[in-house]
Amino acid sequence: MLSVFDVFKVGIGPSSSHTIGPMRIGARFLSEAADAGVLGGVSRVKVDLHGSLALTGIGHGSDKAAILGLMGFEPDSVDPDEADAAVARVRNEKRLQLTGGPELDFDPARDIDLRGDIIPEIHPNEMRLFLFAGDDCVFDQTYYSVGGGFIASAVQLAKPAENDMINLPQRGKYQFGSAAELISICRENDLQIYDVILANEDEFRSREQTREKLYNVWAAMRDCIDRGLRTEGVLPGGLQVARRAPALFKKLLNAPMANEREQLFDWLNVYAMAVNEENAAGGRVVTAPTNGAAGIIPAVLKHYCALEEENLPQIRKFLVTAAGIGMLYKQRASISGAEMGCQGEVGVACSMAAAGLAAVWGGTNDQIEHAAEIGMEHNLGLTCDPVGGLVQIPCIERNAIGAVKAVNAARLAVNASHPHKVSLDQVIETMRQTGLDMSRKYKETSEGGLAVNVIEC
Ligand code: SF4
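Every value quoted in this text rests on a predicted model; they were computed, and no experiment measured them.

So, how was this worked out
Residues numbered from 1 in each chain as written. Predicted model: local features only at pLDDT ≥ 70, side-chain atom pairs only at ≥ 80, totals over all residues. Helix = DSSP H or I, 4+ residues; strand = E, 2+ residues; numbered from the N terminus. Rg over C-alpha atoms; globule rule 2.2 N^0.38 Å. Buried ≥ 20, exposed ≤ 12 C-beta atoms within 10 Å, placed from the backbone. Core = buried A, V, L, I, M, F, W, Y, C linked by C-beta atoms within 7 Å. Contact = placed C-beta atoms within 7 Å. Near = placed C-beta within 6 Å. Nonpolar A, V, L, I, M, F, W, Y, C, P; charged D, E, K, R; others polar.

Peer 1: How would you summarise the overall build of the protein chain if you had to cite specific residues and measurements?
Peer 2: The helix and strand tally for the protein chain stands at 21 helices and nine strands. By the compact-globule yardstick of 23 Å for 457 residues, the protein chain fits well, its C-alpha radius of gyration being 22 Å. Seen through its C-alpha atoms, the protein chain measures out along the principal axes to roughly 70 × 60 × 45 Å. Taking all 457 residues of the protein chain together, 53% fall into the buried category.

And the structure:
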């Protein structure tokens, strides 16, 4: 079983698969090279980015992330300003200090090769790294960034043989591989989804430590909203997209539309956009479950559980329930835009937020499952076509729309008077099949959709 903290991870923007993943891969590669005893004598490192990592790699900051990973920066602790300064130094001086190894000549233009023409078979986000001593390659590895900051080697991604599956270590008190199994565990033990997921967390740490970690996740989301509401200006990357959250926030604070019913939308919009504008600027965000979709859960959580004061028990219930739903998508399909399109990012975040909110509203397990199902059902087929390869258009507004949709999904579920016809498992499988059928043009390649119809300035 995954942990809640596999789903919610603090990192930097703009992309979990294209920024956090490559950063973690760089560090893992050097750690494996050190274990192999080859790191001390190397004179050159080379990074190849393939598939989606190459096609949207510059806009998503994958080249910068690779450099940071090789230098030993970690996504959850890196200071975004310090990271920018370190990368600028490497670019100017053309020297790179490998973490745990020597300092080398390194020219990003020469030593990072973006090969969008290579479409990997195992997963569209492939990264290969090589270490050389003189002209000889002494160590190389291939890894995949599989969405939400998760990474894997080719061996790890290969489907385990049936016998291996039997021997896999079982983590967590309650094992479930589908929503149906999760609901059935709840029914048999008279528990809520929240209780089941928390009981599994108990295997990793004390309940008190879990509460503290959940608070840290929420605090990182809250701080990200606050920074996004205060920071004005134009987002980096060349599209000249202005940050909109600060102006909308000021307008809302002055409440010129206080009597408008639609003000709910405005508040959800402003919180979601604040997070995604921070993400687009390379700021500190929480994968929820990815960076591209990082605004939906914080927006709904802030509006319903922390408006005037923080209701920590409700915040915990929201986060833990949402994470439980996120685990199902990760286990049964994928949360990678490069595999599933945006339905795997914004769609999954919408589904998770709908479930979290239904739980906070006191929904039954069936209603929570229904809310999650509705949250995805109306995002099926959502493509990923970021303009200029940047996580800005359509991503920022899409999170605002996703937050509003999540609330409506929870509303529909808790008010439903008849059993629902479509199960969460069915909709997850439909998302998976739709993602597999979707043209590569619409899966984080910027080769189709808005990315080819909107002229870059
Ligand atoms: S369109 Fe969706 S999946 Fe693609 S980069 Fe933007 S948020 Fe991520």
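Peer 1: Please set out the environment of aspartate 117 residue by residue, giving values where relevant.
Peer 2: By secondary structure assignment, the location of aspartate 117 is in the loop between β5 (112-115) and β6 (125-133). Each C-alpha atom, one on aspartate 117 and one on methionine 71, is 28 Å from the other, the two residues being 46 residues apart in sequence.

Peer 1: Residue-level account of unusual backbone geometry, with values.
Peer 2: For residues besides glycine, phi is generally negative; the peptide bonds are generally trans as well. In the segment running from glycine 13 into proline 14, the intervening peptide bond is cis, with an omega of 10 degrees. Here the phi dihedral of glutamate 444 falls at roughly 55 degrees; this positive angle occurs in a residue that is not glycine. Position of glutamate 444 among the secondary structure elements: in the loop between α20 (424-437) and α21 (450-453).

Peer 1: Before we move on, could you go through the nonpolar core and cite the residues and values that matter?
Peer 2: One finds Ile296, Val300, Ala353 and Ala354 to be the most contacted residues of the largest nonpolar core, which totals 100 residues. No other element matches helix α17 (residues 346-360), which puts twelve residues into this core. Apart from the residues within four sequence positions on either side, alanine 353 is in contact with Ile296, Ile297, Val300, Ala322, Gly375, Ala403 and Ala406.

Peer 1: Quick one: what's the story with the site of the ligand, residue by residue and with numbers?
Peer 2: What surrounds the ligand is a group of 13 residues, the closest being Gly292, Gly337, Cys342, Cys384 and Cys395. When its residues are assigned to classes, the shell around the ligand shows eight nonpolar, two polar and three charged.

Peer 1: Can you explain the environment of valine 10? Please cite residues and give values.
Peer 2: Looking at where valine 10 falls in the secondary structure, it is placed in strand β1 (residues 10-12). In sequence terms valine 10 and glycine 292 are 282 residues apart; their C-alpha atoms lie 13 Å from each other. Other than its neighbours up to four places away in sequence, valine 10 contacts Asp76, Ala220, Arg284 and Val286.

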